[in-house]
Amino acid sequence: MEHQDKTRRTCTTTCAGCSESAFWQLTSRDVTGPVDIMISRRPVTPIVFLPGIMGSNIFNTELKKPTWEPDKGFSTLQMYNTQIYASRRQQLLNKENTEVYTDGTIKVPDEEREESLKRRGWGSVMAKTYHPFLGHLQRWLNNVFHNGVLSLTWKEVMGLPLAKYGMHYNAAPLRMDELETLPKYRFEAWACGYNWLRSNEESAQKVQEFITQTVLPHYAEDEEKGKARLGTDKKVLLITHSMGGLVARSMVAQGFDTNILGVIHIAMPANGAAEAYSNMRQGVQGFPLNTVLGSNARTLGAVYSQCLGGLELLPFGQSYNSPLAARTETPAWLKKPSQQGEWFFLYDVRNTPALGSVKDGTDIYDKVYTSPHWYGLLPDHNLRYFDPASILANSSSLEENRNLFTTYIQNVKEFHRTIRRIYHQCTYAIWGESYNEPAIGEIVWVRSKNKEKRQNIFDDGVGKCGTIDGEYTLNTIHHIGDGTVPHASWQGDLHCIRGYSRLGVSDGTASHVSSGELHCENKPNSCKSEHTAPKGFSHQDACLSNETQKAALYFTVKIISDNKDKLKSL
């Protein structure tokens, strides 16, 4: 009894790295006795995070070094500066001899846990953009209550003004009983980088292997050692950013959803983005991305024209819509399109009617993406940018280049078909919808008034093309969005998912929408109300947004609540 009276106890707390630590203040020598550390045996619910395109680190097996590690900053800028040849860019990011680099930078406050975080794949994804999000997510999910009192963060999440967050019309505030369920489990975040130069279908298979051969066996081994056990029946919760959402949907299309508890998509280009076409024809706009990725058709085309994941970001046929109300402005010279679904135009300012537009989404692949004409994605006069390093097996001539690129686009079309309207049955999504972060929604090639016709095509690689019909300039019409993904990409898919949040709705105003269509005019001021909504976010930094993080916590609770019958508690 005397020994028991002197026994002191302390519990572990969960840090950003999701490891549990115990702390005890040192006492004087005359105050002695054992200290029992109460170790948590809460079942684990793994969270697997999938980054967006270029969010995974890449290692070149031929050069034996990382060739894409954006956290290195200046060294990456030097590697891809505008002075290097297009052929060198192709060699650095050749999809045939690259793989995911897993030993990248780790950026969390708890540096001593770096080894365990790398074991969970954090080193495979961009640290600056994703690690703070993963660290915060773990800390908040594992520390809902403090001394029996709901934490400040969860009080904010519980009291989210759902209408202002653009939540689905069936959304309901979190209940206390839902929050009281969370402490029954421990949440650990894993990160799964993938080779974004390869197809998203292939990446989906790699993610499935990561889940079944790395994540789940890890807990089976821990359970044998008495450390931890899964709180789910061989299932993980997926959270994706940008193109990672297409990878996750491909997993569902391929029948890999049996290992998925639920999915949260952040800033997913649900049906592609018109920026993918624009970049191919005039390069990336804005420093420093234009320096790294390519500031014109020549420097960007050497990599992007054979980056299968990137090509799959092109607007989907039949699914990509262009609602007029989503435009931030409409040029005076362009009449409104006659129907939704038109996003690609050829326009002659000398005549009232447009020269033409792609009205049938199924034809966009043949009429634009594989077209050899001057307005095509890779027209004949740009075929020389396709394989400047001559490293593709079947591209020794321009004709073979055309055939190989056409095969790529046919694969893109098939990929779009297989994931169109395909989502996990327990899916939630977060999109940015702001006038402050407009995204390219429509492409218009405009023929100039008094420009001479040319016998040979001239293309400056940054949006001007001289043809036998005259000179055309590439114009972009912006929609509300997140700077990359426009409203047109996802508004047609809202009925396919269980719930969603549209942050920055109507440029900082609340919009009560159940059908996915905006109830406002083209100008943001026409939608103003006395209710201020959370701001939108930029596409790249979506996961760093405080509003995104709160919405992700809200949807995580909903997924746990939706699947409580499948979870194992203490």
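Residues numbered from 1 in each chain as written. Predicted model: local features only at pLDDT ≥ 70, side-chain atom pairs only at ≥ 80, totals over all residues. Heavy atoms only, no water.

## Focus: the side chain of Gln306
Let me state the cut-off plainly: Helix and strand assignments follow DSSP, with helices taken as H or I runs no shorter than four residues and strands as E runs no shorter than two, numbered in order from the N terminus. The rule is simple: take the accessible area with a 1.4 Å probe, protein chains only, and divide by the maximum for that residue type; under 20% is buried, over 50% is exposed, in between is partly exposed. Whenever a nitrogen or oxygen atom comes within 3.5 Å of another N or O atom, the pair is scored as a polar contact, on the condition that within protein one atom can donate a hydrogen and the other can accept it, and that pairs from neighbouring residues in sequence are kept only if both atoms are in side chains. Here a residue-residue contact requires only that any non-hydrogen atoms of the pair lie within 4.5 Å.
Following the sequence through the fold, Gln306 ends up in the loop between α12 (297-304) and α13 (308-311). Gln306 sits in the buried class, given a relative accessible area of 5%. A polar contact is formed between the side chain of Gln306 and the side chain of Gln90, at a distance of 3.1 Å. From its side chain, Gln306 meets the backbone oxygen of Phe386 in a polar contact 2.6 Å long. Excluding anything up to four places from it in sequence, Gln306 contacts Gln90, Lys95, Leu197, Phe386, Asp387, Leu392 and Tyr408.

## Points about the environment of Lys558
Here Lys558 is to be found in helix α17 (residues 546-562). Along the chain, Lys558 and Leu174 lie 384 residues apart, while their C-alpha atoms are 8.1 Å from each other. With residues near it in sequence (within four places) discarded, Lys558 still touches Ala172, Pro173, Leu174, Glu178 and Tyr428.

## Focus on unusual backbone geometry
Positioned with a positive phi, Asn147 is a non-glycine residue whose angle comes to about 55°. Taking relative accessible area as the criterion, Asn147 reaches 71% and is therefore assigned exposed. The phi dihedral of Arg421 falls on the positive side, at around 60°, and the residue is not glycine. Look at Arg421 and you get partly exposed, because its relative accessible area is 25%.

## Things to note about the nonpolar core
Put simply, the test is: Nine residue types can take part in a nonpolar core, namely buried Ala, Val, Leu, Ile, Met, Phe, Trp, Tyr and Cys, and a core is a set of them joined through side-chain atoms within 4.5 Å.
Val48, Trp196, Leu238, Tyr277, Phe344 and Trp445 are the most contacted members of the largest nonpolar core, which totals 87 residues. Those residues in contact with Tyr277 that lie beyond four places of it in its chain are Leu314, Trp343, Phe344, Val368, Tyr375, Gly376, Leu377, Ile443, Trp445 and Leu474. Tyr130, Tyr165, Leu174 and Tyr185 belong to the second largest nonpolar core, which has 51 residues in total.

## Section: the pairing of strand β11 (residues 186-191)
Note the following rule: For two strands to pair, DSSP has to find at least two bridges joining them.
The element β11 is extensively covered by neighbouring structure, given that six of its six residues are classed as buried. What you see with β11 is no split at all: Arg186, Glu188 and Trp190 on one side and Phe187, Ala189 and Ala191 on the other are buried throughout. The pairing of strand β5 (residues 44-50) with β11 spans six bridges and is classified as parallel. Bridge assignment links Pro46 to a residue of β11, and that residue is Glu188.

## Topic: empty space enclosed by the protein
Any space left empty among the atoms is revealed by the rolling of a water-sized probe across them. The cut-off we apply is this: Whether a set of points on the 1 Å grid over the protein atoms alone is a cavity depends on a 1.4 Å probe fitting there but being unable to get out, while an open set qualifies as a pocket with protein on both sides within 12 Å along at least five of seven lines; lining residues are those with an atom within 4 Å of a point. Grid points are joined across faces, edges and corners, and a volume is the space filled by probe spheres set on the points.
Tallied over the full model, the rule gives one cavity of 30 Å³ or more. In this structure, the largest cavity spans a volume of roughly 30 Å³. As for the largest cavity, its lining consists of Met280, Arg281, Ala297, Gly301, Leu377, Leu378, Asn382 and Tyr385. Breaking the lining of the largest cavity down by element, the ones donating at least two residues are α10 (275-282) and α12.

## Comments concerning the packing of aromatic side chains
Let me state the cut-off plainly: Here a Phe, Tyr or Trp ring, Trp counted by its six-membered ring, pairs with any other such ring whose centre lies within 6.5 Å, and the pair is stacked when the planes are under 30 degrees apart, edge-to-face when over 60, and tilted otherwise. Counted as over-ring charges are cases with an Arg CZ or a Lys NZ within 6 Å of the ring centre that also lie within 35 degrees of the ring normal.
Evaluation of the coordinates by the stated rule reveals 19 aromatic pairs. A ring pair is formed by Phe49 and Tyr130, whose centres lie 4.8 Å apart and whose planes are at 55°; its orientation type is tilted. With a gap of 81 residues between them, Phe49 in strand β5 and Tyr130 in helix α5 (residues 127-142) connect regions that are remote in the sequence. Like Phe49, the residue Tyr130 is buried in the burial classification. For the ring pair Phe386 and Tyr408, a centre distance of 6.1 Å and an interplane angle of 50° mean the geometry is tilted. On the criterion of sequence distance, the pair formed by Phe386 in the loop between α14 (364-369) and α15 (398-419) and Tyr408 in helix α15 is long-range, its members being 22 residues apart. Judged by relative accessible area, Phe386 falls into the buried class, the value being 0%. Grouping aromatic residues by their ring pairs yields a cluster made of Tyr277, Tyr320, Trp343, Phe344, Trp374, Tyr375, Trp445 and Tyr472. Above the plane of the ring of Tyr423 lies Arg249, whose end atom (NZ or CZ) is 4.3 Å from the centre.

So yeah, pure geometry; function would need other evidence.
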